[in-house]
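# Working through the structure, step by step
Next come the chains, spelled out residue by residue.
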Amino acid sequence: MTLIEKEIPTSKKVSTRHDWTIEEIVGFLEMPLMDLLWQAQKIHREANPGYKVQLASLLSVKTGGCEEDCAYCPQSIHNSSDVSGQPVLDVQPVLEKARLAKEAGADRFCMGWAWREIRDGAAFNSMLEMVSGVRDLGLEACVTAGMLTDNQASRLADAGLTAYNHNLDTSPEHYGEIITTRTYQERLETLERVRMHGIHICCGGIIGMGESISDRASLLKILASLKPHPESVPINSLVAVEGTPLEDSLPVDSLEVVRMVATARILMPSTRVRLSAGRESLSREAQILCFQAGADSIFYGDTLLTTSNPEVAADRELLSQAGVDITSIVDDL
Ligand code: SAM
Ligand code: DTB
Ligand code: SF4
């Protein structure tokens, strides 16, 4: 891995490793659940005192019509689910949504573009305005928009971008079953480019796409080998959308999500582990187990990109029942 080594600007002082083996990681994923939860808890409490959960709001700025062939994605032109013809959002309506998200209690505002890669021009200039507008509201700003060039990463950094979301999605071994139009290596290079400009990386994956335990371990191994660890790792469960090749996938067992979260927490003690897509299929109790296992962020708001997410009121109740702190934890970079 050639990602630039840089200290995470944080007061968290827990020793971190980047050389976990597949055997060690499978060992965590398959450990008796009580033991796994205990280990994850101890590490989480030490690395992230105070039990805070960050609320991140998500908005799709450009929806559908994407050239990539990701088998899980409702926005790919290769899938009959593709929702094309939706207008691309302008700067002001996006900033208004960000303002409302902040009012509702979010700390971070994430914006998505269904692109294979960012191209220069009016749409990119609007993205830069959105980023600086979101930062001016006092929110963390995150963008997910596919691959980017060095120059684009530099301009996003100058606009104040806090984090760029670019997922590895699955293991390198299983990857070819899921995406053929972009390589694993290209994804790693995008992450490296983002980091070189001082932007935090948000990088994780999806479970429930027919992968083995060893594939999950392999994905986590690569994430934990990045130096420093990704500042945030979203753990998504597949939302099996009709019209995608994965529409008939079996639902993910909730305890598998708990295990994935706990293992991510053990491997990457100071990373923000975001319990992401698929929360609607998790009971209140399963989500609380995920918090206990070390999840310290959720997507907050009634929609993800194209699919639904638990309602804001239900989430506020959940967090209050779990007794976790949702006071603002904005990272100034
Ligand atoms: N086009 C950009 C890209 O792929 O980098 C950004 C948007 S893309 C929708 C962001 C991420 O959402 C994907 O990498 C994937 O991990 C997640 N995602 C998309 N569809 C999903 C689904 N049906 N279930 C779970 N996660 C999904
Ligand atoms: C991430 O890892 N999960 C979010 C965010 N990053 C962009 C997206 C989830 C999308 C779920 C399917 C949909 O709503 O289209
Ligand atoms: Fe496009 Fe991103 Fe969906 Fe893949 S995940 S089809 S790159 S929008």
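Data block above holds the structure.
The text that follows walks through the structure, step by step, so that each part is easy to find. (Residues numbered from 1 in each chain as written. Chains lettered and ligands numbered in written order. Predicted model: local features only at pLDDT ≥ 70, side-chain atom pairs only at ≥ 80, totals over all residues. Heavy atoms only, no water.)

## Points about the site of ligand 3
This is how it is decided: We call a residue near a molecule or strand when any one of its heavy atoms sits within 4 Å of it. In this classification, the charged set is Asp, Glu, Lys and Arg, the nonpolar set is Ala, Val, Leu, Ile, Met, Phe, Trp, Tyr, Cys and Pro, and all remaining amino acids, among them Gly, are polar.
By nearness alone, every residue bordering ligand 3 is listed as Cys66, Glu68, Cys70, Tyr72, Cys73, Ser76, Ala114, Trp115 and Arg182. Residue composition of the shell around ligand 3, by class: 6 nonpolar, 1 polar and 2 charged.

## Considerations on the site of ligand 2
To keep it simple, the criterion reads: We call two N or O atoms a polar contact when they sit within 3.5 Å, provided that within protein one can donate a hydrogen and the other can accept it, with sequence-adjacent residues counted only if both atoms are side-chain atoms. Surface exposure here means Shrake-Rupley accessible area, sampled with a 1.4 Å probe, where a residue is shielded only by the protein chains that are shown.
As a structural note, the neighbourhood of ligand 2 is formed by Leu58, Pro74, Thr144, Asn165, Asn167, Pro234, Asn236, Phe299, Leu304, Leu305, Thr306 and Thr307. One of the side-chain N or O atoms of Asn165 is found 3.2 Å from a nitrogen atom in ligand 2. Bound to the protein, ligand 2 loses 88% of the 410 Å² it would expose on its own. Taken together, the residues of the shell around ligand 2 sort by class into 6 nonpolar, 6 polar and no charged.

## Observations concerning the pairing of strand β1 (residues 54-62)
For the record, the criterion: Only protein chains enter the area calculation, which uses a 1.4 Å probe; residues under 20% of their type maximum are buried, those over 50% are exposed, and those in between are partly exposed. Helix and strand assignments follow DSSP, with helices taken as H or I runs no shorter than four residues and strands as E runs no shorter than two, numbered in order from the N terminus. Note on pairing: DSSP must find at least two bridges between two strands before they are called paired.
The buried fraction of β1 amounts to 9 of the 9 residues, a majority that puts the element mostly inside the structure. Where β1 lies against strand β9 (residues 297-299), 3 bridges are found, and the strand directions are parallel. Residue pairing across strands places Gln54 opposite Ser297, the latter belonging to β9. Direction of pairing for β1 relative to strand β2 (residues 108-113): parallel, over a ladder of 6 bridges. Among the inter-strand pairings, Ser57 is bridged to a residue of β2, identified as Phe109.

## Focus on the environment of Gly278
What counts here: A contact between two residues is defined here by any heavy atoms of the two lying within 4.5 Å.
With respect to the element layout, Gly278 can be found in the loop between β8 (272-275) and α10 (284-292). On the accessibility criterion, Gly278 (13% relative accessible area) is buried. When the C-alpha positions of Gly278 and Gln54 are compared, they lie 17 Å apart, and in sequence the two are 224 residues distant. Once you skip the residues sitting within four places of it in the chain, Gly278 turns out to touch Ser237 and Val239.

## What about the packing of aromatic side chains?
The condition that has to hold: Side-chain rings of Phe, Tyr and Trp (the six-membered ring for Trp) are treated as a pair once their centres are within 6.5 Å; stacked means planes under 30 degrees apart, edge-to-face means over 60, and tilted covers the remaining angles.
In this structure the tally under the stated criterion is 3 aromatic pairs. On the basis of an interplanar angle of 35° and a centroid distance of 6.1 Å, the ring pair of Trp113 and Trp115 is categorised as tilted. Neither residue differs from the other here; Trp113 and Trp115 are each classed as buried. Ring geometry for Tyr175 against Tyr184: centres 5.1 Å apart, planes inclined by 90°, an arrangement best described as edge-to-face. On the basis of relative accessible area, Tyr175 is assigned to the buried category, the value being 5%.

## Regarding the state of the cysteines
How we decide: Here, the term disulfide refers to a pair of cysteine sulfur atoms separated by no more than 2.5 Å.
As enumerated under the stated definition, the model contains 0 disulfides in all. In this structure Cys142 is not part of a disulfide, and its nearest cysteine sulfur, from Cys110, lies 4.4 Å away. Taking relative accessible area as the criterion, Cys142 reaches 2% and is therefore assigned buried. Cys290 takes part in no disulfide bond, and the closest cysteine sulfur, belonging to Cys202, lies 17 Å away.

## Remarks on the pattern of salt bridges
Our working rule: Within this document, salt bridges are pairs made up of a side-chain nitrogen of Lys or Arg and a carboxyl oxygen of Asp or Glu, the two lying within 4 Å of each other.
Counted under the stated rule, the structure contains 18 salt bridges. Salt-bridge contacts for Glu67 lead to Arg119; the nearest nitrogen and oxygen are separated by 3.4 Å. Pair noted here: Glu67 is in the loop between β1 and α3 (91-103) and Arg119 is in the loop between β2 and α4 (122-136), with a separation of 52 residues, a long-range link. The shortest N-O distance in the salt bridge between Arg99 and Glu103 comes to 2.7 Å.

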